[in-house]
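# Understanding the architecture of this molecule
Here is how the chains run, residue by residue.
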Amino acid sequence: MKNILILALHVILINFSAQAQTIEKGIIRGKVTEEVGGLPIPFAVVAIFEAGAEQPLFTFQTDENGFFKFTNLKSGIYKVKVSYVGFGTTYVNEVIITAKDLDKNVGTLKLAAEQNNLNEVVITAEKPVIEVGADVITYNVGSSILAEGSTATDVLRNVPMVEVDIDGNTTISGKRSTRVFIDGKPSDYMTSNIADLLNVLPSDAIEKIEVMTNPPAKYSADGEGIINIVMKKGFKVGFNGNVGIAAGLQGNTNTNANASYRGKNYSITGGGAYRTNIGKSNNESYRTNFFPDTTFYYNQFNNARNESNGGNFRAALDWDISKKQNIRINTSYNVNGSDSWSGNDFYYINQEEITKRLRNQINLGDASSNNFVFNTDYSLTTDTAGGKLTAGFTLNTNSSNSLRSYERTYAFPTNLNPSLQQNDNEIGNHGINFNLDYDKPTFKKRDRLEFGIAYNYRKNDNDLLVENFNYKTQQYVTNTKLSNKFFYNENILAGYLSYNYRKNGWSTKVAIRSEYTNVNFDLSTGETYNVDPYISFFPSLSVNRFFRKRYNIGASYSVRINRPRENTLNPQVNNSDTLNISYGNPDLAPSYTHQVDISFGAFGKQWSFTPRISYSSASGVIERYRFVNPNGISESTFNNVGTNYSLAFMFIGNYRPTKKISANGNLSIIQSNYTSAFNSSLNRDGISIRSRAGFSMQLPYKTAFEANLNYANNVTAQGRNQASISTSFGARKSFLKNTLSARISANDPFRSRRNSIYNEGLNFFSNSYGSNNTNNVTFNLNYRFTKVKMNKVTVPPPPTTSSN
């Protein structure tokens, strides 16, 4: 009997062990290569999903030869997703692992290059929403819960190394000048106000956002960094789309719809969005003015309300004329409107700290703008080796109108006369962009040669009419000293040459870009400014090395330029606040920056860590400069304030303890040193700190949660923008087989976003404190009216072995 029990137990253990090995010993393997040329793609992102799952079970990165392998998989049905920056995404559906078929080889998966290839080598974080490379960080908008039903401005607030201020202006951490591109084209050529454009661009139309710290030579050398917003192209098979609506407790609403149809050799995409918003703010400023014979104070208290609305409408056609030719035509139209009210109280306090004057001011504003963009891109594959010729043409026109009034009265002394001023500002912006590019694989498709030319033309007309109310005649009278028209014309012709060498894990890119700039502008008052045309050269070099299948090290050098444009050159005086006036400087010169970046990447199965060091030296830095006159009036303008040396340490990390929990974060510590012969008050240094932390979790019942925390404390040439903190939380649940999703998000739920600014000059120092109604709770519903069909790849049968 004892022997029988031992034998039975032994049989049970053998059976259990066999089942365990069968259940958890499944393998999915394959290789990722370029469609043209067949070169392996190292560090491509390969994610594996269980059937019906929204989040990947595991995420892997291909090795130096493009191979990947998932092990210890249970029996079941899986989906494989392969992606890489600059290439289209490929899916393999219904990869089935059974007890009789444990090892699945999906073969060679070929990725087709996208039309706008912005980056070459990428290391991807464990969280699919963020990809980190030597020269670029990619934020995949569709993977973020907080991005649903929002705008481009909202999304940018959560992108690593990106800062968005209260006014919607966007910059890259550690970079003094940042340009925003849309589908590889500069957006500042599309509109006179980039913030307005981003505020109506719906997040559901955006595929990803790329933050380029060392942009490729084919892109403009203007700006120390580029943020490129890549729109969805609608290349998925069949008819699909989505409709969404969102509303917030602060009175904001957002409605959007997108649809696309993909036929055999063409696709049609269209979409639209409309949003409304109510903004409220409070600000207080304390300025001390000191002169040899006296010291006095100006204190100012403001509160404001702004009601805005805007719409964005898009349409695109993508047509494969033949196997070698493709043309894409897209157009967009944006419209914005706003009504604003603000009240200001100005206190003049003398040296004895006695209030001698109190002025009240009421400001009313009515603004509207619209812009239209037409773009077409043509590509031709010139030979079987993969050579490609691309040509692009963009035409844009933009107009805006702003009518504002300023009514000033005095509570005391009562013998001072009131005043009423009206400013009517009309701006027209028109531009043409043309580019012709050619790239070709060389040396048995190992290396790549690129060269091309580009031409940009921009015209800006700024018509400012200032009128003062005559209380005796009860009529407005033109203020000839402040009224004028500003005409700006810019022509830039550029050419570039780039060569990329790749071998044995090494990647080296050498490039040179040259730009010829011709700018002229004048005023209706008869003043004409002709800037002598100039040619600039911008060399760049980058080296990257992959080794031991888990490390990457890279270094890059580049020269960049920051050209003064109409917003900084226009000498029109803005006296909406007569105690703090501002204007541009027509004598500005371009600023040049030399920058060096060193990066290192390391990753494990559940984590990745990418530290980097950046050093830059900029001459003729363009920044706003402020000074106070003896009468107490502060004047603010731009100037080439001097030289800036900057050393930045940046750390980007991701950690995924389980397949349902993911955390990511980044920290930037930037040491800046300003040296100026222009003004001794600008000789200063300081440390800027910027950080972000993110967390996401997959919960039961198709529910997900996401949270982000942002912090910024920045030094400037004349002071510091002190600590600013923002938070956001979001939760989403899916229904009806993932076709309907409901989301709730909370922005700054603990308190409204606040800012504190300190400025110091030769004869003044000031502190400003402000807050905005950013604390909001938003509800969103999104419906996908058809199931998206994925590109199918046939899984080859497992390899067979033969015995001799």
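Residues numbered from 1 in each chain as written. Predicted model: local features only at pLDDT ≥ 70, side-chain atom pairs only at ≥ 80, totals over all residues. Heavy atoms only, no water.

## A look at the overall build of the chain
Just so we agree on the cut-off: Strands here mean DSSP runs of E at least two residues long; helices mean DSSP runs of H or I at least four residues long; both are numbered from the N terminus. In this scheme, a residue with accessible area under 20% of its type's maximum is buried, one over 50% is exposed, and one in between is partly exposed, where area comes from a 1.4 Å probe on protein chains only. The contact criterion used throughout is that any non-hydrogen atoms of two residues lie within 4.5 Å. Under the convention used here, a 1.4 Å probe and the Shrake-Rupley method define accessible areas, while residue burial counts only the protein chains that appear.
Assigned secondary structure in the chain consists of four helices and 43 strands. For the chain, the residues scored as buried account for 50% of the 804 residues in total. Of the contacts formed within the chain by residues at least 6 apart in sequence, a portion of 65% connects residues at least 24 apart. If you sum the accessible surface of the chain, you get close to 36300 Å²; carbon and sulfur atoms cover 58% of it.

## A word on the environment of Phe547
Structurally, Phe547 can be placed in strand β30 (residues 534-547). Among all residues touching Phe547, those that are not within four sequence positions of it are Glu64, Asn552, Ile553 and Phe600.

## Digging into the side chain of Thr390
By secondary structure assignment, the location of Thr390 is in strand β23 (residues 388-412). Residues contacting Thr390, with those up to four places away along its chain left out, are Tyr378, Ser379, Asn435, Leu436 and Asp437.

## Focus: the sheet that holds strand β7 (residues 103-111)
This is how the line gets drawn: At least two DSSP bridges between two strands are required for those strands to pair. Geometry is summarised by axes, namely lines fitted to C-alpha atoms with helices restricted to the contacting stretch, and by angles between N-to-C directions that run from 0 to 180 degrees.
Taken together, three strands build an open sheet; the order of strands is β4-β1-β7 and the sheet is mixed. Single-partner strands in this sheet number two, and they are β4 (67-73) and β7. Pairwise comparison of adjacent strand axes, ignoring direction, gives a mean angle of 15 degrees for this sheet. Direction of pairing for strand β1 (residues 26-34) relative to β4: antiparallel, over a ladder of five bridges. Residue pairing across strands places Gly26 opposite Leu73, the latter belonging to β4.

## What about the sheet that holds strand β3 (residues 58-61)?
If you trace the four strands from one edge of the open sheet to the other, you get β3-β2-β5-β6, paired in antiparallel fashion. Both outer strands of the open sheet, β3 and β6 (90-97), are each paired with one neighbouring strand and no more. Here the average twist between neighbouring strands, direction ignored, is 20 degrees. Both strand β2 (residues 45-50) and β3 contribute to a ladder of four bridges, which runs antiparallel. Paired with Val46 across the two strands is Phe60, which belongs to β3.

## Some remarks on the pairing of strand β34 (residues 607-628)
Strand direction decides the pairing type here: strand β33 (residues 591-603) and β34, joined by ten bridges, are antiparallel. Looking at β34, one finds that Asp597 is bridged to Ser614. In textbook terms, the turn of a hairpin is the stretch between consecutive antiparallel strands, and for β33 and β34 this stretch comprises three residues. Note: β34 against strand β35 (residues 634-658), 20 bridges, orientation antiparallel. Each bridged residue has a counterpart across the sheet, and for Ala618 the counterpart in β35 is Asn644.

## Looking at the confidence of the model for the chain
Quick note on the threshold: Within a predicted model, pLDDT stands for the predictor's per-residue confidence, ranging from 0 to 100.
In this model, the chain carries a mean pLDDT of 83, and residues with pLDDT of at least 70 account for 87%. Across the chain, the secondary-structure element scoring lowest on mean pLDDT is strand β8 (residues 122-124), at 33, and the one scoring highest is strand β26 (residues 475-478), at 96. Here residues 4-23 is a poorly scored stretch, pLDDT under 50, and it has six contacts once near neighbours within four places are set aside; other chains count. Across residues 115-128, confidence stays below pLDDT 50; counting only partners more than four residues off in sequence or on other chains, it has 69 contacts.

## Some thoughts on the pairing of strand β21 (residues 325-349)
Pairing analysis gives 24 bridges linking strand β20 (residues 295-320) to β21, with the strands arranged antiparallel. Bridge pairing in β21 places Asn303 opposite Gly343. If you look at the hairpin formed by β20 and β21, you'll find four residues sitting between the two strands. With 25 bridges joining them, β21 and strand β22 (residues 355-381) adopt antiparallel strand pairing. Each bridged residue has a counterpart across the sheet, and for Tyr348 the counterpart in β22 is Arg357. Count of turn residues in the β21/β22 antiparallel hairpin: five residues, of which Glu353 carries a positive phi of about 65 degrees.

## Topic: the packing of aromatic side chains
Put simply, the rule is: Here the aromatic set is Phe, Tyr and Trp, taking the six-membered ring for Trp, and pairing holds for ring centres within 6.5 Å; pairs whose planes are under 30 degrees apart are stacked, those over 60 apart are edge-to-face, and all others are tilted. Only when the NZ of Lys or the CZ of Arg is both within 6 Å of the ring centre and within 35 degrees of the ring normal is a charge said to sit over the ring.
What the rule picks out here adds up to 22 aromatic pairs. The interplanar angle of 80 degrees and the centroid separation of 5.9 Å between the aromatic rings of Phe296 and Tyr298 together place this pair among those described as edge-to-face. According to the relative accessible area criterion, Tyr298 is buried, its value standing at 7%. An angle of 90 degrees between the planes, with centres 5.7 Å apart, marks the rings of Phe301 and Tyr347 as edge-to-face. Placement of Phe301 in strand β20 and of Tyr347 in strand β21 is noted, with a sequence separation of 46 residues between them. Owing to a relative accessible area of 28%, Phe301 belongs among the partly exposed residues under this scheme. Counting every residue linked through ring pairs, the aromatic cluster contains Tyr286, Phe301, Tyr347 and Tyr769. For the cation-ring pair, Lys79 lies above Phe49, with the distance from its terminal atom to the ring centre recorded as 5.0 Å.

## Examining unusual backbone geometry
Cis peptide bonds are those with omega within 30 degrees of zero, and the linkage from Phe412 to Pro413 qualifies with -5 degrees. By the secondary structure assignment, Pro413 is in the loop between β23 and β24 (419-442). With phi around 60 degrees, Gln474 is a residue other than glycine that occupies positive phi space. Along the chain, the position of Gln474 falls in the loop between β25 (447-470) and β26.

## With respect to the nonpolar core
Here is the rule we go by: Residue types Ala, Val, Leu, Ile, Met, Phe, Trp, Tyr and Cys, when buried and joined through side-chain atoms within 4.5 Å, form a set referred to as a nonpolar core.
Leu156, Ile206, Ile209 and Ile229 are the most contacted members of the largest nonpolar core, which has 28 residues in total. Listed by contribution, the elements that provide at least two residues to this core are β9 (130-133), β10 (136-140), α2 (152-156), β11 (162-164), β13 (178-182), β15 (206-212), β16 (225-231) and β35. If near-sequence neighbours (up to four positions away) are discounted, Ile206 is found in contact with Val141, Ala152, Leu201, Ile229, Val230, Met231 and Lys232.

## Some words on the pattern of salt bridges
Note the cut-off: What counts as a salt bridge is simple: a side-chain nitrogen of Lys or Arg found within 4 Å of a carboxyl oxygen of Asp or Glu.
Counted according to the given criterion, the structure contains 14 salt bridges. With a shortest N-O distance of 3.5 Å, Arg563 and Asp222 are connected by a salt bridge. Residue Arg563 is found in the loop between β31 (551-562) and α4 (566-569), and its partner Asp222 is found in the loop between β15 and β16; the two are separated by 341 residues along the sequence. Given a relative accessible area of 5%, Arg563 falls into the buried group.

## Concerning the environment of Ser405
You can see Ser405 is positioned in strand β23. A residue is classified by how much of its surface remains accessible, and Ser405, at 17% relative accessible area, is buried. Between the C-alpha atom of Ser405 and that of Glu467, which follows or precedes it by 62 residues, the distance is 9.4 Å. Those residues in contact with Ser405, other than ones at most four positions away along the chain, are Ile362, Asn363, Leu364, Gln421 and Gln422.

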